[in-house]
Amino acid sequence: MATGEAGGRLTTHVLDTMAGRPAGGITLRLFRLATDGAHLLVESETNADGRTHAPLLSSETFAPGRYELVFEVADYFRGTGAPVADPPFLDQVPIRFAIAEAGGHYHVPLLISPFGYSTYRGS
C-alpha cells in the first residue's frame, strides 16, 4: 500500500448536540476496509475539545482506500448522566467513508445525541 503525498491527513471532531459542547472522552477506532476484512489502524479517545490529540492518519500512514470509524457513544452518554436506555438506542456509531485524494485533508466530524447523529466531510 502506497502512502499519501505530504500533507495528507485524516482528522475527526465530536460535538454533543444535546449539551451544546465538544464530546470529550469518546473512544473511537479506525479500520481500513479490505477484501480480507477490516484491519484496526488506530484506537484513540477524544480530548476536552472533542478532537483526537493527533491526526488519525498523517502523511506517513495516509493512503486512499475505504475506512470505517467507530465511535463508542453509549459509554460517553452514560458517563455524562444523559438518559440512555438499556439497551441504548445508539451504542456504537460506525461511519464508512473513502479517501480518494492521496494528499488531501479529510475531516470526519460527528454530531451526536443519545437518539441521533449526523456527519459530513468537513475541512
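These lines cover the structure that appears in this document, whether it is placed above or below.

Looking at the pattern of salt bridges
Step number 1: Evaluation of the coordinates by the stated rule reveals five salt bridges.
Step number 2: A salt bridge links E68 to R96, with the nearest nitrogen and oxygen atoms 3.1 Å apart. Taken as a pair, E68 in strand β5 (residues 65-72) and R96 in strand β6 (residues 92-99) lie far apart in primary sequence, 28 residues in all.
Step number 3: Classification of E68 by relative accessible area gives buried; the value is 13%.
Step number 4: The salt bridge partner of D75 is R78, with a shortest N-O separation of 2.9 Å.

Describing the environment of L57
Step number 1: Looking at where L57 falls in the secondary structure, it is placed in the loop between β4 (37-45) and β5.
Step number 2: Classification of L57 as buried rests on a relative accessible area of 2%.
Step number 3: Once residues within four sequence positions are removed from consideration, L57 is found in contact with G8, R9, L10, L30, L41, F62, Y67 and I99.

About the cut-offs
Chains are numbered independently. Their residues run from 1 in the order of the written sequence. Selection of residues for local features in this predicted model requires a pLDDT of at least 70, selection of side-chain atom pairs for listing and counting requires 80 or more, and totals for whole chains, interfaces and linings are taken over all residues. Each side-chain value is derived from all of the structure's non-hydrogen atoms; neither hydrogens nor water enter the calculation. Salt bridge criterion: a side-chain nitrogen from Lys or Arg within 4 Å of a carboxyl oxygen from Asp or Glu. Only runs of H or I of at least four residues qualify as helices and only runs of E of at least two qualify as strands under DSSP, and these elements are numbered from the N terminus. The classification of residues rests on relative accessible area computed with a 1.4 Å probe and restricted to protein chains. Under 20% of the type maximum is buried, over 50% is exposed, and intermediate values are partly exposed. The contact criterion used throughout is that any non-hydrogen atoms of two residues lie within 4.5 Å.

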